[in-house]
Amino acid sequence: MKDYRVDTYDEAVNVIKELGFLPLANLITAYPSLDSITAKENWYTGSQLDPWLWRAQFPVDGTAAYGKFVKKKSVLIASEFLPMFRAILGSPLPVSDRYQDGVISKEALQLYTLIHENEGIDTRVLRIQAGMKEKEKKKAFDHALLELQSSMDIVVSGTKEKTYEAGEKNGWSSTSFETMNHWAKNHDIDNSFVSKDDAKMMLRDHFAAFCSPESIKAIQKLFGF
C-alpha cells in the first residue's frame, strides 16, 4: 500500500474516494486512518487544515457517510461504496420491524423516530426531546445512538455550534444526525441494498487491489468475508 499524506481537505476527499473506507483513528492493521495521513499539529486548531473539522464536512458535501459504523469507532465510507457496506453492516428491514423482532432496543426505536421526524437534529436537542436529559439516562442514550449507527440507520449530518442568545459561540460544537435514507437521497447517492454475498465479493476485490496481506486479513475479520 502506498504511503498516503494529505495536507488539504480536497486531498483528503481524493483519498477517501480512492480507498472507499477510512477510519478516523487506527482500526485496521497496516491500513491508513485520517489521523495517520495528516499532520498532528493541524488537529484541533480550528483552521482550514484541521482534520477534526473536515470529518464533519465530508457528510455535508456528500463525499462520505460519517459515523460510528464499525466496532463503535468513527469511520468514513465513500458514497460510491455505501450500498456494499450497508449490505454487510445494515439491514433492509425497517427499524420498527427490527424492534418487533427484538433486534434493537426501545430507546433506539425512539431516537430513530425523532431523528426521522427532525432530520439533522442536534444531539443536545435530541436528548431533551427523548426525555433522556438526566445524567442516569445518558448511557442508554449513547448506547441507542451507537445501535443506530452500527446498523447504518443514521449518519452524522454535521456539527452545530453552541451559541449564546446573542449568537456568539459558547463551548464545543455538537453532532447532528439524520437518517441514512434522507442523507443519501439529499446527495443523490445510491442507497439501494445489494445482496450481502455480492457486497462481500466486490469489497474483497476492491481491497485486494491495494492492501497488504496483513491488512486484508484484518479487513476480512472486521467485515466477515
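One can find the structure itself at the top, above this paragraph.
What this report covers is the structure whose coordinates are included nearby. (Residues numbered from 1 in each chain as written. Predicted model: local features only at pLDDT ≥ 70, side-chain atom pairs only at ≥ 80, totals over all residues. Heavy atoms only, no water.)

Regarding the overall build of the chain
Phase 1: Across its full length, the chain holds 10 helices and 6 strands.
Phase 2: Taking 2.2 N^0.38 as the reference for a compact globule, 225 residues should give roughly 17 Å; the C-alpha atoms of the chain span a radius of gyration of 18 Å, in line with that estimate.
Phase 3: Each principal axis of the C-alpha atoms in the chain carries an extent, and together these give about 50 × 45 × 35 Å.
Phase 4: Contacts spanning at least 24 positions in sequence make up 59% of the contacts within the chain whose residues lie at least 6 apart.
Phase 5: Approximately 11,900 Å² of the chain is accessible, and the part contributed by carbon and sulfur atoms is 50%. (Helix = DSSP H or I, 4+ residues; strand = E, 2+ residues; numbered from the N terminus. Rg over C-alpha atoms; globule rule 2.2 N^0.38 Å. Contact = heavy atoms within 4.5 Å. Areas by Shrake-Rupley, 256 points an atom, 1.4 Å probe, with all protein chains shown as cover.)

Observations regarding the sheet that holds strand 2 (residues 64-70)
Phase 1: The strand order 1-3-2 describes an open sheet built from 3 strands, whose pairing is antiparallel. Two strands lie at the open edges of the sheet, namely strand 1 (21-23) and strand 2, each paired on one side alone. Within this sheet the neighbouring strands show an average axis-to-axis angle of 30 degrees, counted without direction.
Phase 2: Pairing of strand 2 with strand 3 (residues 73-78), which is carried by 5 bridges, proceeds in the antiparallel orientation. For Y66, the partnering residue across the bridge sits in strand 3 and is L76. (Pairing = 2+ DSSP bridges. Axes fitted to C-alpha atoms, helices over the stretch in contact; angles between N-to-C directions.)

So, the side chain of H206
Phase 1: Take H206: it is sitting in helix 9 (residues 196-208).
Phase 2: Exposure remark for H206: the relative accessible area of 17% places this residue in the buried category.
Phase 3: Of the polar contacts made by the side chain of H206, one reaches the backbone oxygen of L19; its length is 2.7 Å. (Buried < 20%, exposed > 50% of the residue type's maximum accessible area, 1.4 Å probe, protein only. Polar contact = N/O pair within 3.5 Å; in protein donor to acceptor, adjacent residues only side chain to side chain.)

Thoughts on the pattern of salt bridges
Phase 1: Summed over the entire model, instances satisfying the criterion amount to 5 salt bridges.
Phase 2: A salt bridge links R124 to D122, with the shortest nitrogen-to-oxygen separation between them at 3.3 Å.
Phase 3: In this structure, E134 and K137 form a salt bridge, with 3.9 Å as the shortest nitrogen-oxygen distance.
Phase 4: With a relative accessible area of 35%, K137 lands in the partly exposed category. (Salt bridge = Lys/Arg side-chain N within 4 Å of Asp/Glu carboxyl O.)

Here's the deal with unusual backbone geometry
Peptide bonds are mostly trans, and most non-glycine residues show a negative phi.
Phase 1: Even without being glycine, A30 reaches a positive phi, approximately 60 degrees.
Phase 2: The residue A30 is located in the loop between strand 1 and helix 2 (51-61) in this model.
Phase 3: Not every positive phi belongs to a glycine, and K72 is a case in point at roughly 65 degrees.
Phase 4: Among the structural elements, K72 can be located in the loop between strand 2 and strand 3.

Description of the pairing of strand 2
Phase 1: Of all 7 residues in strand 2, 6 are buried, a share of seventy percent or more.
Phase 2: Where strand 2 folds back onto strand 3 in an antiparallel hairpin, the turn is made up of 2 residues, including K71, whose phi is positive at roughly 50 degrees.

Let's talk about the packing of helix 5 (residues 106-117) against helix 7 (residues 138-150)
Phase 1: The geometry of helix 5 relative to helix 7 is characterised by a closest axis approach of 8 Å and an angle of 70 degrees between their N-to-C directions. The angle between the axes of helix 5 and helix 7 places the two elements in the roughly perpendicular class. The segment helix 5 lies against helix 7, with E107, A108, L111, Y112 and I115 engaging A140, F141, A144, L145, E147 and L148. (Parallel < 35°, antiparallel > 145°, perpendicular 65-115°, else oblique.)

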